Amino acid sequence: MALLFRSSPESAARWQPHFARLMPELEVRVWPEVGDCAAIDYALVWQPEPGLLASLPNLKLIMNLGAGVDHLLADPTTPRHVPIVRLVDPYMTEAMSEYVALQVLRLHRRDLDYAAQQRDRVWWELDQKNAAERRVGILGFGVLGQDAGRKLQALGFDLAGWSRGAKAVPGVATYAGAAELPAFLGRSEILVCLLPLTRETEGILDRRLFSQLPRGAALVNAARGGHLVDADLLAALGTGQLSAAVLDAFRDEPLPPDHPFWSHPRIVVTPHIAALTNPPTAAPILLDNIRRLREGRPLENQVDPARGY
Ligand SMILES: NC(=O)c1ccc[n+]([C@@H]2O[C@H](COP(=O)([O-])OP(=O)(O)OC[C@H]3O[C@@H](n4cnc5c(N)ncnc54)[C@H](OP(=O)(O)O)[C@@H]3O)[C@@H](O)[C@H]2O)c1
């Protein structure tokens, strides 16, 4: 029973003690030391090179080392008959909610304005609403969106969520599908993107979407860089249609040193750290799916390749 681990070389050393402790019978091979491809049963991967998974003829399960599987489905050679599971770890969900709460509070409490005032030694009170008067909208109301929503609700924000299918969540204004997107956007003073990157959501954060937000709205994108049309964000900040953006994910990562986002006074850049994988909590969750497969039980968090997430 062999598993191929494909992520950064440093990360293998962080995972291996957990695999050895929890499933000692599992032989873990760390890419590029693949050995006999036909002997690999399981693959645990983050952004594997195109074609790697297709080269494993007896693969039974593909496990993704993160929540978003866009990179796996973008590879046309990823075997479609092999189940793909994504990582859903409550530890990461809490981390994402901390990030979202932090950034929404910063935008709500005008932290960027006060930081600029401090740089200029300006002592000046700005207008301030209460959280109950601040309308926050979460694009993508799934595992991460709903948990972040609960925490924002606890802080008192006036919350809305947008998803593909209709949802009923107490105390939250819920919207679903393309038809209800304009009404959702029209009330979102702070917009948080927690969508998966799919054919439908690629480039969704564009000029058209920004124009439907209240003037001066702010954006938090903690999902994927492919959701955002970079030039449209810069244009919307330039006209004042948007007042600020906090970005954790980018089309090119690391963000190139000459990218205008780095130095824009109304953009906060973080290096894709909103919810990092955590081997001590994630390893038992991942290995549980191997046990499920072996025992013929249903897998947890299986991805639907046709849907794209
Ligand atoms: N920055 C980071 O560190 C980091 C860390 C972890 C994850 N992420 C990103 O966060 C994403 C979301 O993760 P998750 O675990 O919350 O995923 P999830 O549970 O699958 O939730 C996705 C949500 O998006 C909605 N959705 C998908 N396609 C849609 C569409 N075309 N129109 C409207 N709504 C749509 C889904 O609607 P339904 O509920 O109706 O299906 C669901 O509510 C991941 O895919 C990943 O890219 C980023």
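Computed from a prediction, not measured in an experiment: that's the story for all the values here. Positions within a chain are numbered from 1, following the residues in the order the chain's sequence is written. Thresholds applied to this predicted model are a pLDDT of at least 70 for local features of residues and 80 or more for the giving and counting of side-chain atom pairs; totals over whole chains, interfaces and linings are not thresholded and use all residues. The side-chain quantities take in all heavy atoms of the structure and omit both hydrogens and water.

K.L.:
What should I look at first to understand the site of the ligand in this one?
P.N.:
Working definition: residue near molecule or strand if any one of its non-hydrogen atoms lies within 4 Å of it. Taken together, the neighbourhood of the ligand is formed by 28 residues, with Arg 86, Leu 144, Gly 165, Lys 167 and Tyr 309 sitting nearest. Note that an oxygen atom of the ligand is positioned 3.0 Å from one of the backbone N or O atoms of Gly 142. Polar contact is the term for a pair of N or O atoms within 3.5 Å; when the atoms are in protein, one must be able to donate a hydrogen and the other to accept it, and sequence-neighboring residues count only if both atoms are side-chain atoms. Within the backbone of Gly 165, a nitrogen or oxygen atom sits 2.6 Å from an oxygen atom of the ligand. Accessible surface is estimated by sampling points in the Shrake-Rupley manner with a 1.4 Å probe; for residues, cover comes only from the protein chains shown. The fraction of the free accessible surface of the ligand (940 Å²) that becomes covered by protein chains is 91%. Comment: elements are numbered from the N terminus, with helices defined as DSSP H or I runs of at least four residues and strands as E runs of at least two. Of all the secondary structure elements, the ones that give two or more residues to the shell around the ligand are helix H5 (143-154) and strand E7 (158-163). Three residue categories are used. Nonpolar comprises Ala, Val, Leu, Ile, Met, Phe, Trp, Tyr, Cys and Pro, charged comprises Asp, Glu, Lys and Arg, and polar comprises the others, including Gly. Residues that form the shell around the ligand fall into these classes: 14 nonpolar, seven polar and seven charged. Domain borders in the structure are assigned automatically or taken from a domain database. Per-domain counts for the shell around the ligand show at least three residues from each of domain 1 (2-89 + 277-295) and domain 2 (90-269).

K.L.:
I tried to follow the pattern of salt bridges on my own but got confused; where do I start?
P.N.:
Opposite charge on two side chains permits pairing when their charged atoms draw close. Salt bridge, as applied in this entry: a Lys or Arg side-chain nitrogen positioned within 4 Å of an Asp or Glu carboxyl oxygen. Per the counting criterion, the structure on display carries 18 salt bridges. The salt bridge partner of Glu 49 is Arg 6, with a shortest N-O separation of 2.7 Å. Of the two residues, Glu 49 is situated in the loop between strand E3 (40-45) and strand E4 (61-64) and Arg 6 in strand E1 (residues 2-6); the sequence distance between them amounts to 43 residues. Note that Asp 113 and Arg 110 form a salt bridge whose closest N and O atoms lie 3.2 Å from each other. Taken together, the shared-partner salt bridges in this structure form one network comprising Arg 110, Asp 113 and Arg 266.

K.L.:
Quick question: what am I supposed to make of the side chain of Ser 188 here?
P.N.:
Along the chain, the position of Ser 188 falls in the loop between helix H6 (177-186) and strand E9 (190-193). Only 2.9 Å separates the side chain of Ser 188 from the backbone oxygen of Phe 184, close enough to count as a polar contact. Throughout, a residue-residue contact means that at least one pair of heavy atoms, one from each residue, lies within 4.5 Å. Beyond its immediate sequence surroundings of up to four residues, Ser 188 is in contact with Arg 135, Gly 137, Leu 213, Pro 214 and Ala 217.

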